[in-house]
Amino acid sequence: MEHITILDDKRIILGVTGSIAAYKAVDLASKLTQAGARVDVIMTGAAQRFVAPLTFQAVTGRPVYTSMWGTDTGGGLPTHIAHVGLGEGADLLVVAPVTANSLAKLAHGLADDLLSVTALAARCPVVVAPAMDGGMYEHPTTQANLAALRERGVTVIEPARGRFASGLVGRGRLPETPVLLGHIRRALGRGGSLENMKVVITAGGTREPIDPVRYITNRSSGKQGYALAQAALDAGACVTLISATQQLPVPVGAVLVPVESAEAMLDAVLTYSRDADALIMAAAVADFRPAEIAQHKIKKADQDDEAPTLALRRTPDILMAIKTQRAATGHPRAVIGFAAESHDLLENAQAKLRRKGLDLIVANDITAPDAGFNVDTNRVVLIDAGGAQHPLDLTSKARVGEAVIARVAALLGTEEEAR
Ligand code: CTP
């Protein structure tokens, strides 16, 4: 697993309490560690009935803390008093799973085990992920405790609906690791370079219907657009993701606007860009659509031996429409486009940048086997409005996303104010 920039070198305290979902916290501890975080696990007594401390020790490569009476031996904490040392300098306290009992302690300031003492000592943001029977979760006492924690700025990860160990069905299951990771990233992204900025991102290849069964599309997977959305979220932005693909997991915190055709994407982009700070058009918008959309499936029997001929029409150019809107309203304040080219990459990209009135264009050679469509890596050149070219080495789409988002912060003048 590649390091995740926002988790890299972060000090995360992972509190694990006595729910059957404690076993899922092992995967979370492992993924956080693989992503580059330093994970210090605190287990309550009840948690140790479900999972052994050794398991967490093995996946984090760090001591696991279980008692409030011991002192730190070998964890390299800032002070030997474990609860103070753990809280001091931590970037985030995550309690996953948190039981109704531990939740009540956190809400009321009880301090009778290492986790609850550390929670009082820590000054960092807190994320809790409740996991309990549905009845316990819905109980007014639990809900009041959650409300009290939310009131204090604690992030509460909504449990999932599903089947419990008891066989009952309800809301109270610990969400899967990617969802937990998404919320953790969101909590760490607060105060980032795009805090309070509204960013609209398009992704995927549009589908232009021929009849109720068939459509014309292109090879775009949407991966680069989704990576951009995640990078913008990590920078603290409010992200609207206008997506022509529904195949990828939506980054936690993004508002998804599903669309199909270029026409529908145009409507959505114009609507959501009205008050946006930045628009990033990563979508591969179809340039042509069938002139007529058949109401019923086109049958081959109807055509004898002949194949139908498709007449095509031009689709609207979304960035050209945005150029007009921006000239009239000033929004979006920054506009970034992509240029997918198979030849004369830089000349074509420069021409598009000028024609479409962009602040930045991401030039993408789609003929390279390790870049462009449907792979996890990309090789791009960023070209700014002044014509300066910034080539990036072959890297992951996540890193390309981060590089583009850093440029967006520079364009919006927000990079200096961050944190
Ligand atoms: N784009 C758009 N509306 C379209 C087509 C493309 O807004 N109808 C946007 C894309 O999202 C991208 C940029 O314009 O950000 C360039 O897209 P690209 O397909 O590379 O270029 P085209 O404008 O289609 O030009 P050409 O056909 O010459 O490649």
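Here's what I pulled together on the structure shown here. (Residues numbered from 1 in each chain as written. Predicted model: local features only at pLDDT ≥ 70, side-chain atom pairs only at ≥ 80, totals over all residues. Heavy atoms only, no water.)

**Re the site of the ligand**
In plain terms, the rule: By convention in this text, a residue qualifies as near a molecule or strand provided that one of its non-hydrogen atoms is within 4 Å of it. Residues adjacent in sequence count toward polar contacts only when both atoms are side-chain atoms; beyond that, a polar contact is any pair of N or O atoms within 3.5 Å, and within protein one must be able to donate a hydrogen and the other to accept it. Values of accessible area rely on a 1.4 Å probe in the Shrake-Rupley scheme; residue burial ignores everything except the protein chains shown. Helix and strand definitions follow DSSP, with helices as H or I runs of at least four residues and strands as E runs of at least two, each counted in order from the N terminus. Note on residue categories: nonpolar means Ala, Val, Leu, Ile, Met, Phe, Trp, Tyr, Cys or Pro, charged means Asp, Glu, Lys or Arg, and polar means any other residue, Gly included.
Neighbouring the ligand are 15 residues, the closest being M281, A283, F338, K352 and K356. Within the backbone of A283, a nitrogen or oxygen atom sits 2.8 Å from an oxygen atom of the ligand. The separation between an oxygen atom of the ligand and a polar side-chain atom of K356 is 2.6 Å. Protein burial of the ligand: of its 570 Å² of free accessible surface, 79% is covered by the chains. Listing elements by their share of the shell around the ligand, those giving two or more residues are α11 (318-329) and β17 (334-341). Here the element with the most residues in the shell around the ligand is β17; it accounts for four residues. Among the residues forming the shell around the ligand, the class breakdown is nine nonpolar, two polar and four charged.

**Overview of the environment of V41**
Inclusion rule: When a residue's accessible area, from a 1.4 Å probe over protein chains only, is under 20% of the maximum for its type it is buried; when over 50% it is exposed; and in between it is partly exposed. Two residues qualify as a contact provided that any one of their heavy atoms is within 4.5 Å of a heavy atom in the partner residue.
Position of V41 relative to the elements: it lies in strand β2 (residues 38-43). For V41, a relative accessible area of 0% corresponds to the buried category. Note: C-alpha distance between V41 and V64 (23 residues apart in sequence) is 5.2 Å. Beyond its immediate chain neighbours, meaning those up to four positions away, V41 contacts L14, V16, F56, T60, V64 and Y65.

**Observations regarding the side chain of R11**
Threshold: We score Asp and Glu as negative and Lys and Arg as positive, and we do not count His or the chain ends. Should a side-chain nitrogen of Lys or Arg be within 4 Å of a carboxyl oxygen of Asp or Glu, the pair is scored as a salt bridge.
Within the secondary structure, R11 sits in strand β1 (residues 11-16). An unpaired buried charge is present at R11: no salt bridge exists, and D40, the closest side chain of opposite charge, is 4.2 Å distant. Side-chain polar atoms of R11 contact the backbone oxygen of E88, separated by 2.8 Å.

**Digging into the sheet that holds strand β6 (residues 155-156)**
Note the following rule: Two strands qualify as a pair provided DSSP detects at least 2 bridges between them. Structural elements are reduced to axes, namely lines fitted to C-alpha atoms, with helices fitted over the stretch in contact, and the angle between N-to-C directions of any two is expressed from 0 to 180 degrees.
Pairing within the open sheet is parallel, and its six strands lie in the order β3-β2-β1-β4-β5-β6. Two strands close off the open sheet at either side, each with one partner strand: β3 (64-65) and β6. Examined bridge by bridge, strand β5 (residues 126-130) and β6 share two bridges and lie parallel to one another. Bridging from a neighbouring strand, V127 pairs with T155 of β6. Running at roughly 145° to strand β4 (residues 92-98), helix α4 (residues 100-108) makes contact with β4 and β5 of the sheet.

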